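# A structural walkthrough
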Amino acid sequence: MVANQLVSDYDQRAVQQAVDRLFALLRADETIDPSWKITVKPNLLMKRRPEDGTTTHPAVVRAVVRHLKALGVRDITIADSPGGVYTKPILTGIYRDTGMEAVAKETGASLNFDLGTTHRPQPDGVMCKAFDLINPVAQADFVISIAKLKSHCMTGLSGGVKNLFGCIPGLTKPEFHWRFPNENDFADMLLDLCGTVKPGLTFVDAIVSMEGDGPSSGDLRKTGLLLAADDPYQLDMVLSHIIGREPDTIPTIRNAVKRGLCPADYSQVPQIGSEPPVFRDFKMPRSRTVDFQSNIPKPLRGICKPIIERFFTPRPEVDPKICIGCGKCAESCPAHTISVENRKAVIHREKCIKCYCCHEMCPVHAISVKRSRIIQKL
């Protein structure tokens, strides 16, 4: 079941009313035990201010925590493993700048500084049979994920399923990009991860969303909506409808349908609350690849693959005028194909797996994803 509420801005009173209503529509209050240890997992990708639209807005996190407190829940932890290294100083800065520190002080919720992990098997996994999860997620009785609606350079959509990638600790995340550079394999890994975490509730901050080159370098778009669901797969199906995308263009949704995890059609998703708006002109990332191989006869695909990869696959490029040589891109690169030379990042293309982690983690937007001139004309 997916519940929707229209919200025009981040006025705390309006957000609180909407969150309370979403809990009521899903009858979640009847499920939550006040004695539970609950982890609230927002999207805290990087050190950004709330108004930048890269991270879950603190007004939404604050409203969820306050609702839990009103239910009598005492043990509430706000936790995420952002991109890059997973250390206490990094977390401290991210909590402060994203507004989570203020939320914790105002509500009495705890901020996670436990850097340990817990091994969790996934016997039903298609790509992964086990995951090492950050402790606050692995050890919680109930996980509430609070995603931010954004376009995404690799997965097309950052929603309910993709938000759980932050349950993987620190620089372990680039290893998954290295292991699964193909978007379908990566999507299957994310579905395996979602089945391991099993969030009890998933909220989506879609009051202001990010379109274009998300999840960190896109443009802000006022979409005026808060969503919540007890099923993250159905939720993503609704999100794809809101941004005007066919479900089969989003690999996590396409593969979830194949697995029987959600209906094949938007009309089959049970919804309650407000009618969600649709933004058919919602911009998608320039880095989304075009599967030209599907239009080539199978016997010729092996021969054509090198040509396709060379001329048709978008690649990350560094603007030396903007680059500050901080090394965040090299730190996050799973293929270790980036170096900092003369205080500027250099991408060695022969090893690039085109996961776009560098583009995602650059704090000054010095890395863009360039399509070939051939694709730009199509």
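Cut-off values and rules
Residues numbered from 1 in each chain as written. Predicted model: local features only at pLDDT ≥ 70, side-chain atom pairs only at ≥ 80, totals over all residues. Heavy atoms only, no water. Salt bridge = Lys/Arg side-chain N within 4 Å of Asp/Glu carboxyl O. Helix = DSSP H or I, 4+ residues; strand = E, 2+ residues; numbered from the N terminus. Buried < 20%, exposed > 50% of the residue type's maximum accessible area, 1.4 Å probe, protein only. Core = buried A, V, L, I, M, F, W, Y, C linked by side-chain atoms within 4.5 Å. Contact = heavy atoms within 4.5 Å. Phe/Tyr/Trp six-rings, centres within 6.5 Å; stacked < 30°, edge-to-face > 60°. Lys NZ or Arg CZ within 6 Å of the ring centre and 35° of its normal. Polar contact = N/O pair within 3.5 Å; in protein donor to acceptor, adjacent residues only side chain to side chain. pLDDT = per-residue confidence, 0-100. Axes fitted to C-alpha atoms, helices over the stretch in contact; angles between N-to-C directions. Parallel < 35°, antiparallel > 145°, perpendicular 65-115°, else oblique. Left-handed = near helix turned anticlockwise from the far one by under 90°. Nonpolar A, V, L, I, M, F, W, Y, C, P; charged D, E, K, R; others polar. Arc of directions from axis to C-beta.

### Remarks on the pattern of salt bridges
One pass over the full model with this rule turns up 14 salt bridges. In this structure, the salt-bridge partner of K283 is D219, at a minimum N-O distance of 2.7 Å. Taken together, the positions of K283 in the loop between β11 (271-273) and α10 (298-311) and D219 in strand β10 (residues 219-229) put the pair 64 residues apart, joining distant regions of the chain. Among the ionic pairs, D281 bridges to R221, the shortest N-O distance being 2.7 Å. Highlighted residues: D281 in the loop between β11 and α10 and R221 in strand β10, separated in sequence by 60 residues. Owing to a relative accessible area of 51%, D281 belongs among the exposed residues under this scheme. Look at the salt bridges and you will find they share partners, linking R49, E51 and D52 into a network.

### Looking at the nonpolar core
Ranked by internal contacts, the top residues of the largest apolar core, which has 91 residues, are F23, L68, I144, F203 and L227. Apart from the residues within four sequence positions on either side, F23 is in contact with A28, D29, I32, V64, H67, L68, I144, L201 and F203. Counting residues in hydrophobic clusters, the runner-up holds 14 residues, among them C323, I353, C357 and A366.

### Regarding the packing of aromatic side chains
Evaluation of the coordinates by the stated rule reveals seven aromatic pairs. On the numbers, 5.4 Å between centres and 85 degrees between planes, the contact of Y95 with F113 is edge-to-face. Taken together, the residues span a long stretch of sequence, with Y95 in helix α3 (residues 88-98) and F113 in the loop between β4 (110-111) and β5 (117-121) at a distance of 18 residues. For F113, a relative accessible area of 33% puts it in the partly exposed group. By the ring-pair criterion, three or more aromatic residues cluster together here, those being F131, F165, F176, F180 and F186. Between K88 and the ring centre of F113, over which it is positioned, the NZ or CZ distance is 5.5 Å.

### Points about helix α8 (residues 232-242)
A large share of α8 lies buried, amounting to 10 of its 11 residues. Considered for burial, the residues of α8 that qualify are P232, Y233, Q234, L235, D236, M237, V238, L239, S240 and I242. Two or three places before Y233, at the opening of α8, D231 has a side-chain oxygen 2.9 Å from that residue's backbone nitrogen. Trailing α8 by a residue or two, G244 shows a phi angle of about 70 degrees, which is positive.

### Focus: the environment of K162
As for its placement among the helices and strands, K162 is situated in the loop between β8 (156-158) and α6 (172-179). C-alpha of K162 to C-alpha of P58: the two residues are 104 residues apart in sequence and 19 Å apart in space. If sequence neighbours within four positions are ignored, K162 has contacts with H152, T155, L157, F186 and L190.

### Some thoughts on unusual backbone geometry
For the bond from G214 to P215, the omega torsion is 20 degrees, close enough to zero to count as cis. One can find P215 in the loop between β9 (201-211) and β10. The phi dihedral of H365 falls on the positive side, at around 60 degrees, and the residue is not glycine. Here H365 shows up in the loop between α12 (357-361) and β15 (367-370).

### Notes on the confidence of the model for the chain
Within the chain, residue pLDDT values average 90, and 91% of them lie at 70 or more. Scored below 50 in pLDDT, residues 288-296 shows 24 contacts in the model against residues more than four places distant or in partner chains. Within the model, pLDDT remains below 50 along residues 373-378, and this stretch shows five contacts once partners closer than five positions in the same chain are excluded.

### A look at the packing of α8 against helix α9 (residues 251-259)
Two elements in contact, α8 and α9, have axes whose closest approach is 10 Å; the angle formed by their N-to-C orientations is 130 degrees. Classed by the angle they form, the pair α8 and α9 counts as oblique. In the crossing of α8 with α9, the sense of the turn from one axis to the other is left-handed. Touching Y233, D236, M237 and S240 of α8 are T252, I253, A256 and V257, all from α9. Considered class by class, the residues forming the contact of α8 with α9 number five nonpolar, two polar and one charged.

### With respect to α6
Along α6, the residues classified as buried are K173, P174, F176 and H177. Relative to the axis of α6, the buried residues are bounded by an arc of 150 degrees and lie together on one face. Packing partners of the buried residues in α6 comprise β6 (130-134), α7 (183-197), α11 (328-332) and α12.

### As for the environment of G156
With respect to the element layout, G156 can be found in strand β8. By relative accessible area, G156 is classed as buried at 0%. Sequence separation between G156 and P215 is 59 residues, and the spatial gap between their C-alpha atoms is 9.5 Å.

### Looking at the side chain of D80
When you line up the elements, D80 lands in the loop between β3 (75-78) and α3. Given a relative accessible area of 3%, D80 falls into the buried group. A polar side-chain atom of D80 sits 2.8 Å from a polar atom in the side chain of K41. Within the structure, the side chain of D80 is placed 2.8 Å from the backbone nitrogen of L44, a separation counted as a polar contact. Those residues in contact with D80 that lie beyond four places of it in its chain are K41, P42, N43, L44, L45, Y86, L91, Y95, I134 and G166.

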